[in-house]
Amino acid sequence: MWKRNTAAVLFTILVIFAAAGFFYNTTSPWQLVVYTPKNGQILHRFPLEKEAAFSLHYIHSVTQREVSGTFTVTVDGKIKPLTTTFDAYGPGLPVLDGSLHFIQKGGAYIVFHEEEPRPHIGLFVSPLTGERLVCKTGELDLSGFSKDPQLVHIVAEK
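Residues numbered from 1 in each chain as written. Predicted model: local features only at pLDDT ≥ 70, side-chain atom pairs only at ≥ 80, totals over all residues. Heavy atoms only, no water.

**Regarding the sheet that holds strand 10 (residues 138-141)**
1) Next: Spatially, seven strands are ordered 6-7-5-4-3-9-10 in an open sheet, and the strand pairing comes out antiparallel. In the strand order of this sheet, the two ends are held by strand 6 (101-105) and strand 10, each with one partner. If you compare each strand with its neighbour and ignore which way they point, the axes differ by 20 degrees on average.
2) Next: Across four bridges, the pairing between strand 9 (residues 132-135) and strand 10 is antiparallel. Across the sheet, the residue bridging to Val 134 is Glu 139, located in strand 10. (Pairing = 2+ DSSP bridges. Helix = DSSP H or I, 4+ residues; strand = E, 2+ residues; numbered from the N terminus. Axes fitted to C-alpha atoms, helices over the stretch in contact; angles between N-to-C directions.)

**Re the pairing of strand 9**
For a regular strand, side chains alternate in direction, first toward one face of the sheet and then toward the other.
1) Next: With burial as the criterion, only one face of strand 9 is covered, namely that bearing Leu 133 and Cys 135; the residues Arg 132 and Val 134 on the opposite face remain uncovered.
2) Next: Sheet topology places strand 3 (residues 53-59) next to strand 9; four bridges connect them, and they run antiparallel. By the bridge assignment, His 57 is partnered in strand 9 with Arg 132.
3) Next: With antiparallel pairing between neighbouring strands as the criterion, strand 9 and strand 10 make up a hairpin whose turn holds two residues. (Buried < 20%, exposed > 50% of the residue type's maximum accessible area, 1.4 Å probe, protein only.)

**A closer look at the pairing of strand 5 (residues 79-86)**
1) Next: Where strand 4 (residues 66-73) lies against strand 5, seven bridges are found, and the strand directions are antiparallel. Pairing of Val 73 across the sheet is with Ile 79, part of strand 5.
2) Next: In this antiparallel pair of consecutive strands, strand 4 and strand 5, the connection spans five residues, and Gly 77 shows a positive phi of 85 degrees.
3) Next: Inspection of the sheet shows strand 5 paired to strand 7 (residues 108-112) by four bridges, in the antiparallel sense. In the strand pairing of strand 7, Thr 83 is matched with Phe 112.

**A look at the packing of aromatic side chains**
1) Next: Counting across every chain of the model gives three aromatic pairs.
2) Next: Taking the centre distance of 5.4 Å and the plane angle of 20 degrees together, the rings of Phe 54 and Phe 71 count as stacked. Here Phe 71 lies in strand 4 and Phe 54 lies in strand 3, a separation of 17 residues in the sequence. Here Phe 54 and Phe 71 have matching classes, each one buried.
3) Next: Ring centres of Phe 102 and Tyr 109 lie 6.1 Å apart, and the angle between their planes is 65 degrees; on these two criteria the pair is classed as edge-to-face.
4) Next: Look at Phe 102 and you get partly exposed, because its relative accessible area is 29%. (Phe/Tyr/Trp six-rings, centres within 6.5 Å; stacked < 30°, edge-to-face > 60°.)

Spelled out as structure tokens, the structure:
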């Protein structure tokens, strides 16, 4: 009798742990959606892993050097800027006048942002500047959708 009850209890515990493992989702419910606001065309969707950051990379039109920015998605689906990294200053980049926290590492400046999260990122992309979206689940050449510059938005959706 004791063996049968012990076996039943162990079996029940095993079922509970198996169900918990089955229903536990290690990925985030969010995905990054890249679309053109002009016509609403969705260009790509990226699933995001839980608490995952993503980055945008491009070639600065004046310095012709790569610039990258890192971002994360907040629990309410907004996009929070984290850093901007560049090795040569150009127009539109953060000014290193002492008002922003930054470090120098390996010949590059890494600026840490204290900005509020935003509902989306809007940027013009072009084959000349080669914008790329990079996250743990993949990489996308944003500038490859059109030979002409175009405005794209990046938003987090459930």
